[in-house]
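Residue strings, one per chain:
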Amino acid sequence: MALIFLHHVVGDLTVGKPDLVEFPESEPIDAAVKAIANSSEAAIAVWRGREKGEEAPTSSPAARFVGVLTSLDVVAFLARVGGDHQAAMRTAVSEVVVPNPGLLREVDPGTRLIDALEIMKQGVRHLLVRKSVAWKGMSKRFSIMYNGKWLRNTETSSAGTIINSSQPSSSALPDDKFCCLSREDVIRFLICCLGALAPIPLSSISSLGAITLNYSHIEASSPALEALLRVPDDPRAIAVVETNPDGSHKIIGDISAYQLWKCDYLAAAWAMANISAGQFVIGSDENGTTPVSPSDFTISSTMEEFGVGASPRPRKFSSRSIGFFSNLASQMSVGQLRSMYLGRSAPLTCKHTSSLAAVMAQLLSHRATHVWVTDANSEDGILLGVIGFSGILNAVTKNVIPRTI
């Protein structure tokens, strides 16, 4: 099983990855909303601009990385600021994004996969990889013979020296082409190699210790705005629960970046500031009394016409499609905002007896960041914890000891 981690390198995962496109911190929130909706995740990486006279080939984007802005961050900002949403949407992203340069690390394409996973297990969520590079550590499975010899990774590393392996090699070409690997990219690579990971993929997530038992939660009757005080860093999700007489929790929804990915940001912000957490995840009618089915949750056609928060699909051009999210705020009453808000979709759940492979497939198929784990022996679906990318990475590498090859 360990061979897949020891004989593959980060460069193997970059095949077909698009070039890095930086989102500047100087851009306004309304531009970030559109970028998040069109992104492959519920978030975008934010970067500082280059200093005056700074040349692109000599400047590593890692030095200018600021942090990650999620859909939850945007909704939370709008919910807290209130008042003039038109002005709020013109706010620079730099005033909203939480600086956290530790979420990204630049690594050499020849870094072994096991070392890259160890880096991610330390809290790094994105690996920055230079594309135009002749690296030494190309794996035999994906490489060919150069000058009559197989290329081997001549650099050694261990669990205690993995940071050294993240430094670019001297073979890097003077080019500014980079790509960014996420934890989802790593999981997608691993799910294509399930046979090499046996028997771990067929083991239950509870037996592998992949479940985070100390999950964050909020009572359905509590104000939705209180959830923002309890959202953990990873995964950025909080369960909305109803507490049973025995103290156990029944999950009815969650507040997370994933659930807010392609929502109506203004309507969701109003709802977060004015209704309870239970109403926020289930939805309510204009009087706030009738629950709305999760299947009724769709992106408002009105919002789509304004080009914000909508799925990236072709739309008929009209004069109404020219405008910004902020323009809509000044044209709509509170009642209209309330009726537009239809709640979130049902939370992703699995049983504690589910196999690791099944959960990995569930995460990838929904482009989610986490799955809530319930008790398979309970008819009410008692909440036990949550599993995300960190739990999966820890599970698949639990018995793998990095060594020199």
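Here's what I pulled together on the structure shown here. What you are looking at is a predicted structure, and each value in this text was computed from that prediction instead of being measured.

**Quick notes on the overall build of the protein**
Phase 1: Within the protein one finds 14 helices and 12 strands.
Phase 2: The buried share of the protein, taken over its 405 residues, is 52%.
Phase 3: Long-range contacts, defined as pairs at least 24 residues apart, comprise 71% of the intrachain contacts of the protein with a sequence gap of at least 6.
Phase 4: Counting every atom, the protein has about 18300 Å² of accessible surface; 52% of that belongs to carbon and sulfur.

**Observations concerning the side chain of Glu118**
Phase 1: Looking at where Glu118 falls in the secondary structure, it is placed in helix α5 (residues 113-121).
Phase 2: Residue classification places Glu118 among the buried positions, given a relative accessible area of 15%.
Phase 3: A distance of 3.2 Å separates the side chain of Glu118 from the side chain of Lys121, its partner in a polar contact.

**A short note on the layout of surface pockets**
Phase 1: Counted as a void, the largest pocket has a volume near 790 Å³.
Phase 2: Every residue lining the largest pocket is counted, 34 residues in all, and those nearest its centre are Val68, Thr70, Arg125, Asp233 and Arg236.
Phase 3: Take the lining of the largest pocket: its biggest share by element is five residues, from helix α3 (residues 71-81).
Phase 4: Its residues assigned to classes, the lining of the largest pocket shows 16 nonpolar, seven polar and 11 charged.
Phase 5: Volume-wise, the second largest pocket comes out at about 680 Å³.
Phase 6: Elements with a contribution of two residues or more to the lining of the second largest pocket: α2 (29-38), β2 (43-47), β6 (178-182) and α6 (183-191).

**Structural notes on the packing of α6 against helix α14 (residues 389-396)**
Phase 1: In the contact formed by α6 and α14, the axes pass within 11 Å of each other and the chain directions differ by 45°. Considered as vectors, α6 and α14 are oriented oblique to each other. In this structure, α6 meets α14 at a crossing whose hand is left-handed. For the pair formed by α6 and α14, the contact residues are Arg183, Glu184, Val186, Ile187 and Leu190 on the first element and Phe389, Ser390, Ile392, Leu393 and Val396 on the second.

**Side note on the side chain of His352**
Phase 1: Positionally, His352 belongs in the loop between β10 (349-351) and α13 (356-366).
Phase 2: Since its relative accessible area comes to 16%, His352 is described here as buried.
Phase 3: Beyond its immediate sequence surroundings of up to four residues, His352 is in contact with Ser204, Ile205, Ser206, Ile211, Val373, Thr374, Asp375, Ala376, Asn377 and Leu384.

Basis of the calculations
Each chain has its residues counted from 1, following the order in which its sequence is written. Given that the model is predicted, a residue must reach a pLDDT of at least 70 before its local features are reported, and side-chain atom pairs must reach 80 or more before they are shown or counted; all residues, however, enter totals for whole chains, interfaces and linings. To obtain the side-chain values, all non-hydrogen atoms of the structure were used and water was disregarded. Strands are runs of DSSP state E lasting at least two residues, helices are runs of H or I lasting at least four, and both sets are numbered from the N terminus onward. Per-residue accessibility, obtained with a 1.4 Å probe over protein chains only, is compared with the maximum for each type, and a residue is labelled buried under 20%, exposed over 50%, and partly exposed between these values. The contact definition used throughout considers only heavy atoms, calling two residues in contact when any of these lie within 4.5 Å. For every accessible area listed, the method is Shrake-Rupley and the probe measures 1.4 Å; residues are considered covered only by the protein chains on display. Here a polar contact is recorded for every N or O atom pair within 3.5 Å, except that within protein the pair must consist of a potential hydrogen donor and a potential acceptor, and residues adjacent in sequence are included only if both atoms are side-chain atoms. Within this scheme a cavity is a closed region of a 1 Å grid, computed over the protein atoms alone, that accommodates a 1.4 Å probe without allowing it to escape, whereas a pocket is open but has protein on both sides within 12 Å along at least five of seven lines; lining residues each have an atom within 4 Å of a point. Grid points are joined across faces, edges and corners, and a volume is the space filled by probe spheres set on the points. Under the grouping applied here, Gly and all other residues not named as nonpolar or charged are polar, the nonpolar ones being Ala, Val, Leu, Ile, Met, Phe, Trp, Tyr, Cys and Pro and the charged ones Asp, Glu, Lys and Arg. Axis definition: a line fitted to C-alpha atoms, limited for helices to the stretch in contact. Angles are taken between N-to-C directions and run from 0 to 180 degrees. Should an angle fall under 35 degrees it is called roughly parallel, over 145 degrees roughly antiparallel, and 65 to 115 degrees roughly perpendicular, with every other angle called oblique. Handedness of a crossing is defined here by the sense of rotation of the near helix relative to the far one, left-handed for an anticlockwise turn of less than a right angle and right-handed for a clockwise turn.

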